Amino acid sequence: MSTPSARARRSPGEVGIWVFVIGDMIVFAVFFAVIVVLAAEQPDLVRESQARLSVTSGALNTILLLTSSVLVALAVRAAREPGAAHHLRARKLFGFALACGLGFAVIKAAEYGTKIDAGLVPATNDFFAYFYVFTAIHLLHVTAGIGVLVWLMRLSGRPALTAKDRMLIESGASYWHMVDLLWVVLFPLLYLVN
Amino acid sequence: MAALLRTRLFAVYVVLVAATCVSWILGADHGSGSHTTVAAIVLVVAFVKVWLVGHEFMELGGALQPLKGIFEAYVVVVLAVLLVLYNVV
């Protein structure tokens with residue numbers, strides 16, 4: 001097991017992906033602040049609205065994204081190893097991560113359907129307006145991430161990977177981890193904190 | 001499979017899932033404490049998870065500066081701002 005001190009200190013992926021990731025994280029930080037201000041100013045509204053959400057769906061989706069993230073991290077490490085067997089393993093791990101991402105999208109779509117059937121729509125109140133807007137923006141990130149994971153499966157399956165291939169794999173993986181990281185904060189803010 | 005279970009990444013994953021379950025239980029059971037205290041604990045746990053994902057899965061723990069510093073500053077500053085906005089500090 002290598003540690004940062006045991007290997008050369010380096011940043012994974014390309015500079016461009018980190019500009020995008022940090023920029024996106026800052027945009028979401030504003031979303032987080034908006035939700036917290038609503039919870040502080042209208043605690044009763046938020047409490048009553050949260051009581052109508054499915055915490056189980058939110059928690060399951062959190063666990064799915066955390067699972068996908070660890071699978072992607074393992075896949076990146078497998079892709080760094082020389083040899084087709086390691087690359088095939090990376091491809092499989094990306095495939096399992098992809099399944100988790102699809103599971104997240106299915107649960108989120110089912111949750112939207114249940115809420116809309118119950119008459120809970122963006123126009124219901126401020127909380128549900130934020131709930132739909134912020135989770136939909138995140139779901140768009142998940143959808144793009146699913147495309148990235150498909151691409152990573154194709155790329156990592158090559159018998160021989162170049163340094164550029166590995167850099168691209170790290171960049172795609174960093175994007176997916178960001179998708180996970182953003183949900184890790186959105187889940188408690190929308191479902192738990194009031 | 002056994003080798004996978006012994007990796008640092010898997011240990012971090014177990015901690016992350018356990019932390020999610022703690023937040024889930026705390027958030028669902030507000031009878032055990034004030035809303036403000038529970039909110040503060042849930043927020044801190046969320047940002048510890050963010051740090052773990054960034055440090056371990058994104059490999060920012062071994063990244064060059066300023067990337068590592070920007071990420072760690074993000075975790076501290078955003079958590080502090082949210083706690084202040086929520087009036088828990």
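Residues numbered from 1 in each chain as written. Chains lettered and ligands numbered in written order. Predicted model: local features only at pLDDT ≥ 70, side-chain atom pairs only at ≥ 80, totals over all residues.

Chain B is annotated in an unreviewed UniProt entry as Prokaryotic cytochrome C oxidase subunit IV family protein from Paraconexibacter sp. AEG42_29. Taken directly from UniProt, the Subcellular location (unreviewed entry) text for chain B runs: "Cell membrane". (UniProt positions renumbered as here; feature names shortened; annotations may be inferred.)

Chain A has the name Cytochrome aa3 subunit 3 in an unreviewed UniProt entry, where Paraconexibacter sp. AEG42_29 is given as its organism. Under the heading Sequence similarities (unreviewed entry), UniProt records this for chain A: "Belongs to the cytochrome c oxidase subunit 3 family."

A. Representation of the overall build of chain B within the structure. Along the backbone of chain B there are 4 helices and 0 strands. Along chain B, helices and strands appear, N-terminal first, in the series α-α-α-α. Summarising its shape, the C-alpha atoms of chain B cover approximately 40 × 35 × 10 Å along the three principal directions. Scored against the burial criterion, the 89 residues of chain B give a buried share of 34%. Long-range contacts, defined as pairs at least 24 residues apart, comprise 55% of the intrachain contacts of chain B with a sequence gap of at least 6. (Helix = DSSP H or I, 4+ residues; strand = E, 2+ residues; numbered from the N terminus. Buried ≥ 20, exposed ≤ 12 C-beta atoms within 10 Å, placed from the backbone. Contact = placed C-beta atoms within 7 Å.)

B. Region of the structure containing the interface of chain A and chain B. Across the boundary between the two partners, chain A contributes 37 residues, which contact 37 residues of chain B. Put simply, the parts of the chain that give the side of chain A that touches chain B at least two residues each are helix H1 (15–41), helix H3 (55–80) and helix H6 (163–192) of chain A. Considering every element that reaches the side of chain A that touches chain B, the biggest residue donor is H1 of chain A, with 10 residues. Classifying every residue of the side of chain A that touches chain B gives 27 nonpolar, 6 polar and 4 charged. (Nonpolar A, V, L, I, M, F, W, Y, C, P; charged D, E, K, R; others polar.)

C. How the structure looks around the environment of Phe 31 of chain A. Residues and elements named next belong to chain A. In this structure, Phe 31 sits in helix H1. Of the residues examined, Phe 31 has 18 C-beta atoms within 10 Å and is grouped as partly exposed. Each C-alpha atom, one on Phe 31 and one on Ser 171, is 24 Å from the other, the two residues being 140 residues apart in sequence.

D. Quick look at the UniProt feature "transmembrane region" (unreviewed entry) in chain A. All names here are of chain A. Following the UniProt record, one finds the feature "transmembrane region" (unreviewed entry) at residues 15–39, 59–78, 90–107, 127–152 and 173–193. The annotated region residues 15–39 carries 100% helix and 0% strand content, and the separation between its end C-alpha atoms amounts to 36 Å. The distance separating the terminal C-alpha atoms of residues 90–107 is 26 Å; by composition the span is 100% helix and 0% strand.

E. Just the environment of Phe 96 of chain A, in detail. All names here are of chain A. Relative to the elements of secondary structure, Phe 96 occurs in helix H4 (residues 84–117). Look at Phe 96 and you get partly exposed, because 16 C-beta atoms sit within 10 Å. Residues Phe 96 and Thr 67 lie 29 residues apart in sequence; the distance between their C-alpha atoms is 9.1 Å.

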